Amino acid sequence: MSPQTLLNHSPAQSFNPTQFDQYVMHTYGRFPVAIAKGEGCRLWDTEGKSYLDFVAGIATCTLGHAHPALIQAVSAQIQKLHHISNLYYIPEQGALAQWIVEHSCADKVFFCNSGAEANEAAIKLVRKYAHTVSDFLEQPVILSAKSSFHGRTLATITATGQPKYQKHFDPLPDGFAYVPYNDIRALEEAITDIDEGNRRVAAIMLEALQGEGGVRPGDVEYFKAVRRICDENGILLVLDEVQVGVGRTGKYWGYENLGIEPDIFTSAKGLAGGIPIGAMMCKDSCAVFNPGEHASTFGGNPFSCAAALAVVETLEQENLLENVNARGEQLRAGLKTLAEKYPYFSDVRGWGLINGMEIKADLELTSIEVVKAAMEKGLLLAPAGPKVLRFVPPLIVSAAEINEAIALLDQALAVMAL
Ligand code: PLP
């Protein structure tokens, strides 16, 4: 195909759903719109209809769309150097690692390309630590939570405590077990049971707030008890911060809402604002990888690190954590008003700009139906399971845009009166 023909096929000019369905593998249930461009918190589809974006690429577009700082950083970087191997030192990678270490409890950072990969790195690190530092002769077990989500690779679907993601993909890797989230007694019992078998708990892997599992914040007392149990038993605490890290909760990291520090934590989604990146952080005490034991071709390349540096510098320069906290409170207040007006909802909850609105269990109404009705009115939302609406706008969202989202959701709910 000549360059001219390629240009004529530019998706923003002409979207062809038949072509898409014929050639793209059917692994996603997609809404029947094609998005052509974005600016700030607003998106436009190929028909020219505009939407207020409260999905942000599922908690990924930290600075919204076409943010000048991101454009400037990636444009400058691609003209200078976009990719080079980890055979060499990469200055942008060093600068980003320094920012993360100076703004978290971590001492060291490993870069990769996605949340699943960051969690894979954490799982490998836990196992190496168990075999070399804890000197486990028994099989190391990673305990994770029911309703959790950790990614789509074989190890991370196994860590994910939702059987629907594992179905038909067996045999799954050994060495995982599950406990209910926010339930300390269940955790203590599981550790005892596992220790009585020929296995040992090497790590507890949790989300500070369960995102895909229904926007369920961690309980402070639970996490403090988990930290104590880990300390007393030589167990590593791994937190998956892929959805909640990088300012989304109103603090840089989700664990800051829980008054504890993990030994290992992971990040991806929002870190480079929509340019692919993943990161696995740990304390020096468990940084046990040696050269050659873990790697990634693209991980920490100059392009993705320049994008992430632009994101984190903008977070600081534009005081975005303050905005996240103020807009989050405003959003929850607005959602609570809607929950009083329409008797469909049992709960509104969240931290900062990751919020959920739960539909009453005894109603037949599903989150996807409300998401579709909101989309009709020009508001993009994402479901978090069958009964929870998820609100994760860009962290730059304004007070006026929060009010607009509440008004659009109000209109959507009004026409779906049950
Ligand atoms: N962990 C959590 C908490 C997530 O929310 C996700 C994605 O939704 C992942 C891991 C997987 O991230 P990725 O899709 O970048 O592999």
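Structure shown above.
In this report, the structure presented in the accompanying data block is examined. Here the structure is a predicted model, which is why all the values come from computation and not from measurement.

Looking now at the site of the ligand. Near the ligand lie 13 residues; those nearest to it are Gly115, Ala116, Asp240, Gln243 and Lys269. A distance of 2.8 Å separates an oxygen atom of the ligand from a polar backbone atom of Gly115. Considered on its own, the ligand offers 390 Å² of accessible surface; in the complex 81% of this is hidden by protein. Residue contributions to the shell around the ligand peak at three residues, all from helix H6 (residues 115-132). For the shell around the ligand, the class distribution of residues is three nonpolar, six polar and four charged.

Ordered by their spatial adjacency, four strands build an open sheet running E13-E14-E17-E16, and the pairing between neighbours is antiparallel. Looking at the sheet topology across the chains shown, the edges are occupied by strand E13 (345-351) and strand E16 (382-383). Summarising the sheet, strand E14 (residues 354-359) and strand E17 (residues 388-391) pair through four bridges and their orientation is antiparallel. Opposite Gly356, over in E17, you have Arg390 as the bridge partner.

So, about the pattern of salt bridges. The tally for this structure, following the rule as stated, stands at 13 salt bridges. The salt bridge involving Lys80 is made with Glu92; its shortest N-O contact spans 3.9 Å. With a gap of 12 residues between them, Lys80 in helix H4 (residues 68-80) and Glu92 in helix H5 (residues 91-102) connect regions that are remote in the sequence. Residue Arg227 pairs with Asp263 through a salt bridge whose shortest N-O separation is 3.1 Å. Here Arg227 is found in helix H9 (residues 220-233), whereas its partner Asp263 is found in the loop between strand E10 (236-240) and strand E11 (264-267), with 36 residues between them in sequence.

The N-to-C vectors of H4 and helix H10 (residues 302-317) enclose an angle of 155°; their axes lie 9 Å apart at closest approach. Taken as axis vectors, H4 and H10 run roughly antiparallel relative to one another. Handedness of the H4/H10 crossing: right-handed. Of H10, the residues touching H4 (which contributes Ala69, Leu70, Ala73, Val74, Gln77 and Ile78) are Pro302, Phe303, Ala306, Ala307, Ala310, Val311 and Thr314. For the contact of H4 with H10, a count of residues per class yields 11 nonpolar, two polar and no charged.

Counting through the fold element by element, Gly211 comes out in the loop between strand E8 (209-210) and strand E9 (216-217). Residue classification places Gly211 among the buried residues on the basis of a relative accessible area of 0%. Taking the C-alpha atoms as reference points, Gly211 and His67, separated by 144 residues in sequence, lie 25 Å from one another. Not counting residues up to four positions away in its chain, the partners in contact with Gly211 are Gln243, Ala384 and Arg390.

Our next topic: unusual backbone geometry. Pro171 follows Asp170 through a cis peptide bond whose omega is 5°. Phi angles above zero are rare outside glycine, and Ala56 is one such case at about 50°. Residue Val246 is not a glycine yet carries a positive backbone phi of 60°. Assignment of secondary structure puts Val246 in the loop between E10 and E11.

Before going further, it helps to spend a moment on the pairing of E11. Residues Ile264 and Thr266 line one face of E11 and the alternating positions Phe265 and Ser267 line the opposite face, and both faces are buried. Pairing of E10 with E11, which is carried by three bridges, proceeds in the parallel orientation. Pairing of Leu239 across the sheet is with Phe265, part of E11. As defined by bridge partners, E11 adjoins strand E12 (residues 278-282) across four bridges and the pair is classed as antiparallel. Across the sheet, residue Ile264 finds its bridge partner in E12, namely Cys282.

Quick notes on the rules
- Residues numbered from 1 in each chain as written.
- Predicted model: local features only at pLDDT ≥ 70, side-chain atom pairs only at ≥ 80, totals over all residues.
- Heavy atoms only, no water.
- Near = heavy atom within 4 Å.
- Polar contact = N/O pair within 3.5 Å; in protein donor to acceptor, adjacent residues only side chain to side chain.
- Areas by Shrake-Rupley, 256 points an atom, 1.4 Å probe, with all protein chains shown as cover.
- Helix = DSSP H or I, 4+ residues; strand = E, 2+ residues; numbered from the N terminus.
- Nonpolar A, V, L, I, M, F, W, Y, C, P; charged D, E, K, R; others polar.
- Pairing = 2+ DSSP bridges.
- Salt bridge = Lys/Arg side-chain N within 4 Å of Asp/Glu carboxyl O.
- Axes fitted to C-alpha atoms, helices over the stretch in contact; angles between N-to-C directions.
- Parallel < 35°, antiparallel > 145°, perpendicular 65-115°, else oblique.
- Left-handed = near helix turned anticlockwise from the far one by under 90°.
- Contact = heavy atoms within 4.5 Å.
- Buried < 20%, exposed > 50% of the residue type's maximum accessible area, 1.4 Å probe, protein only.

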